[in-house]
Every structure is written in structure tokens, then in C-alpha cells.
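Each chain, written out:
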Amino acid sequence: MNIVLLSGGSGKRLWPLSNDAHSKQFLKLLENDQGEYESMVERVMRQLLSAQPDAGIFVSSNAAQAAALHRHIGEAELILEPERRDTFPAIALAAAYLKYRKHMGEDEVFVVCPIDVYADGRYFELLSDVERVVSSGESIIGLLGALPVYPSAKYGYILRQGNRVAGFVEKPSEAEAERVIQEGALWNCGVFALRIGYVLEHAGGYVDFDSYASLIEQYSKLPVNSFDYEVVEKEKSIGAVIYEGVWKDLGTWNTLTEEMRGNSMGDRILISDSCVNTHVLNMLDIPVIVNDICDCVVVTSHDGVLVTGKQGSSHLKPLADQIDFRPMYEQRRWGSYRVLEYVRDDLSSSLVKRIRVEAGKSISYQYHNGRSEVWVVVRGDGVRTIDGVESAVSPGSVIQIKMGQKHSISAVTELELIEVQVGAGDLVEEDIVRVYE
């Protein structure tokens, strides 16, 4: 079987730990059976490979998340959207990729699954049953629904008659949720089984394409709409597979902290005994004291500080959307960086970063059209390349890079450097022009 994992999201619901480039699925907050922290992406991939070892696995995402995906799951086969739109365009692009790039027939079935699901192993085993709903000809679309354990107003519901889908209810009141659960409704897990040609036919209603490249070029013409609203809720022939087990959307601080084994994460945290049901996460190297508050979450990171009641944490995103500031920490394929200072005015801008390059890895060979840079090596040994000329660097080395100069640095041992950027306007990652990775 072929499985497409959807990895998207703006990264605002778990602010300040998540941002556009480092969304919730990349946060290492969950402990595995060995007591090691892992991300949602790592957890899902581990469970999927165990349940479906022979499956072809593809990840649909946007370019901003590509580096983080490679860090968490290695050299996965990525299907990158040219721009972030919604799940209907993303799934249409995945279907085109399978047909034109992987040379699969239009009658072949693939399964779409969120990459940030929290479930047990049985969930991933049932993906085969969802696929068979379509491959057997029983239905045009196959869905996976979880047996509800309480009437939630946060989830969508699948209404059913036996194994047939009769309709949908999106985020009802708790009273309405209680009623539909008594009638046999399931939580909608966001899993679809689909034929490639069926999806491409729907995409063809908006654009005329005959290759993967041509759909990429016209991607902006596809509607910004979810696959549920665009396709599923209009289809009459839908079958559902029932999953009985743990299933959660860990998309709020309230639900995420329910799965944390302790009430704190990070160093230099002091929580008074008067705090009840309060979690503290400190990603900074500063002391955090929390005193006499209950049912709350306190989070510190390079992007900001959050103090929220747990029940109200589901309403965080509209507030976080008002923050118009670049991410202060990002992971890359070669390591990570954090912003120490960012100053912008009408005449010039400056940005100071602390960059960590892992041993044996390299920053891509690149140049910039809008800024110059100075690197100061503070730890480790490596080799820098400027316009094709290599030289060794060590602690104390100063490297000046002019605007337009091609440059890279490779780490022999783990390398840390301070980078000072100077230019005009916004100093953003989009100013990177890669010659090669």
C-alpha cells in the first residue's frame, strides 16, 4: 500500500514552542518506552513502519518544513507544495506525484493520514482495512473513525449506518455530540483512502494539467479548501472502518500536557507546592519560578513566554496570529540556529545568530543578494569555502562574506559560530540562493 502523510499547519496553536518552520509535530515532548523524548513525527513514523513495513511512505509538506522533516525522519520522500493552501490542493498534488513521478496507475489506491496523530499501534494496522474499502470496490472513499470516549466539541464526527457513512457533523456542542455518539457516530480521524484518478479528476475541474510540473505551475489556481469540504462531504459512496483505542489531537497545551509524564520539562524550574495541575516548560537557560497558580501552562522559549489556563489554551491561535515577528529558533538539516538580536530600521537592518553545525555536516553552498555576513567561530573545527577557495577554521576565526559571494562551512567537529548579517529591509531566509546542498 501507499501512504501519504500530511505535514502542515502554521505552528501557532502550541506557541511559543512552535512556529511556521517548527510546527507542533517536530516538538520533542513525548517519551517513548525507553524514556527518550521523541517528536510526533518520529512517533508516527516508528508506529507506521512497525504496522506497515512494506508500505510506500510519502510526506506532503511545504518547503519551510523540509529541513525539519529530514532531521526527524531521515531521507523521506517529500512532496513539497509550492505554497501553503489547504488539504485539498495538497492531496491533489500528492495524487499527481504518484501518477506522474512514481508512474502509478489511476486505479491504484493510496491512504492519506495526518503526520501528527496520537494513537496506538492498532490505528496504523487498520490503514490496510481502510484501503480495502476502496480497492474492493465497496466504496469510492474509505475513512477511519475512532470510537468516542466522551462528547467532545473539538472534533468532527462521522455519522453512520452500519459501515456506511451517512453524513458529518463538524465540532458540535457537547449536547449535540452526546446525541450523535448515542446514534453510533465516530470521531473523524482525518484518514482517507482514495483512487489516484478520482482525486485527479476533482483537481481537473479547476486546472488543465498533464504532468506533475504543470500542476505545480498552476497550484495557485486550486481552491484554498479542505479535502473534507471540497470532496468528501459531497460524495455519497463512503465506507468507514472503526478504530477502538487511544486517539487524540495534541493540538493544544491542555491535551499535550495530558500525555507528559511529569509536570515540567527543561532546567532551572522551581514549582511551588501550592501549584496544582500546572505544567512548566523552560527552553531557556534562565531560572523560571512558578508560584501559587493552578490548572495552567507556563512555557518559555526564544520566541516568547506563554502563561495560559489549560481550558483556555485552545483559544491561543488568534492571539498568536497577531505576532508578526520572525521565528527566533529553527532546525536545519545540518543543525540549528537561534536569533540573538534583530534590529530593523529604514536605512539598514542587522541580525545576529548563534549557529550550530553538527560534526560531519555542512551548510549549503549559497549566496545572498540582500545582505553581507561576518562569521566568528566560537567552538569546534571546520572548513569554510568562499568562491571555491577552502581554508581551515577554528575558535577565533573570523570570516567576512560580501554580498553575492558563494560560501559554505563544513564541520569537522561540532561547530558553533556567531553570524552577523547586515543589509536593507527584512533579513529573511528567502534571501538564500543555494548553488547546491
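Structure's up top.
Residues numbered from 1 in each chain as written. Predicted model: local features only at pLDDT ≥ 70, side-chain atom pairs only at ≥ 80, totals over all residues. Heavy atoms only, no water.

> I'd love a proper account of helix α5 (residues 127–135), names of residues and values included.
Residues of α5 that are buried: L127, S128, V130, E131, V133 and V134. G137 occupies a position one or two residues after α5 and carries a positive phi of about 85°. (Buried < 20%, exposed > 50% of the residue type's maximum accessible area, 1.4 Å probe, protein only. Helix = DSSP H or I, 4+ residues; strand = E, 2+ residues; numbered from the N terminus.)

> Describe the side chain of E81, and please don't skip the residues or the numbers.
Relative to the helices and strands, E81 is located in strand β5 (residues 77–81). Buried charge without a salt bridge: E81, with R84 as the nearest opposite-charge side chain at an N-O distance of 6.2 Å. What E81 contacts, discounting residues up to four positions off in sequence, is S61, N62, A63, D86, A90, L93 and Y219. (Lys, Arg positive; Asp, Glu negative; His and termini not counted. Salt bridge = Lys/Arg side-chain N within 4 Å of Asp/Glu carboxyl O. Contact = heavy atoms within 4.5 Å.)

> So what about the side chain of S349? Which residues, and what values?
In this structure, S349 sits in strand β22 (residues 349–357). Those residues in contact with S349, other than ones at most four positions away along the chain, are V343, R344, Q421, V422, G423, A424, G425 and L427.

> Which residues make up the sheet that holds strand β29 (residues 415–423), and what values do they have?
Spatially, β20-β21-β22-β29-β24-β27 is the arrangement adopted by the six strands of the open sheet, whose pairing is antiparallel. Single-partner strands in this sheet number two, and they are β20 (329–332) and β27 (398–401). Here the average twist between neighbouring strands, direction ignored, is 20°. Here strand β21 (residues 335–344) runs beside β22; their pairing, made up of nine bridges, is antiparallel. Across the sheet, R344 pairs through a bridge with S349, a residue of β22. Across the face of the sheet, helix α2 (residues 66–73) comes into contact with β20, β21 and β22 while running at roughly 60° to β20. (Pairing = 2+ DSSP bridges. Axes fitted to C-alpha atoms, helices over the stretch in contact; angles between N-to-C directions.)

> I'd love a proper account of the environment of E416, names of residues and values included.
With respect to the element layout, E416 can be found in strand β29. Exposure remark for E416: the relative accessible area of 14% places this residue in the buried category. In the structure, E416 is positioned 48 residues away from H368 in sequence and 21 Å away in space, judged by C-alpha atoms. Sequence-distant contacts of E416, defined by excluding residues within four places in its chain, comprise R354, I355, R356, V376, V377, V378 and R379.

> Tell me about the pairing of strand β11 (residues 186–195), and please be specific about residues and values.
Within β11, eight of the 10 residues are buried, leaving the element largely enclosed by the surrounding structure. Strand direction decides the pairing type here: strand β6 (residues 109–114) and β11, joined by four bridges, are antiparallel. When the sheet's bridge partners are listed, V111 is paired in β11 with A193. Across two bridges, the pairing between strand β9 (residues 156–161) and β11 is antiparallel. The residue of β11 that forms the bridge with Y157 is W187.

> Hey, could you go over the pattern of salt bridges for me, with residue numbers and the actual values?
All told, the structure shown has 28 salt bridges when counted by the stated rule. Linking K99 and E106 is a salt bridge whose minimum nitrogen-to-oxygen distance equals 2.6 Å. Given the relative accessible area of 37%, E106 is considered partly exposed. The shortest N-O distance in the salt bridge between E414 and R379 comes to 2.7 Å. Placement of the pair is E414 in the loop between β28 (407–411) and β29 and R379 in strand β24 (residues 371–379), with a sequence separation of 35 residues. Each of R71, R354, R356, E358, K361, R379, E414 and E416 takes part in a single network of salt bridges with overlapping partners.

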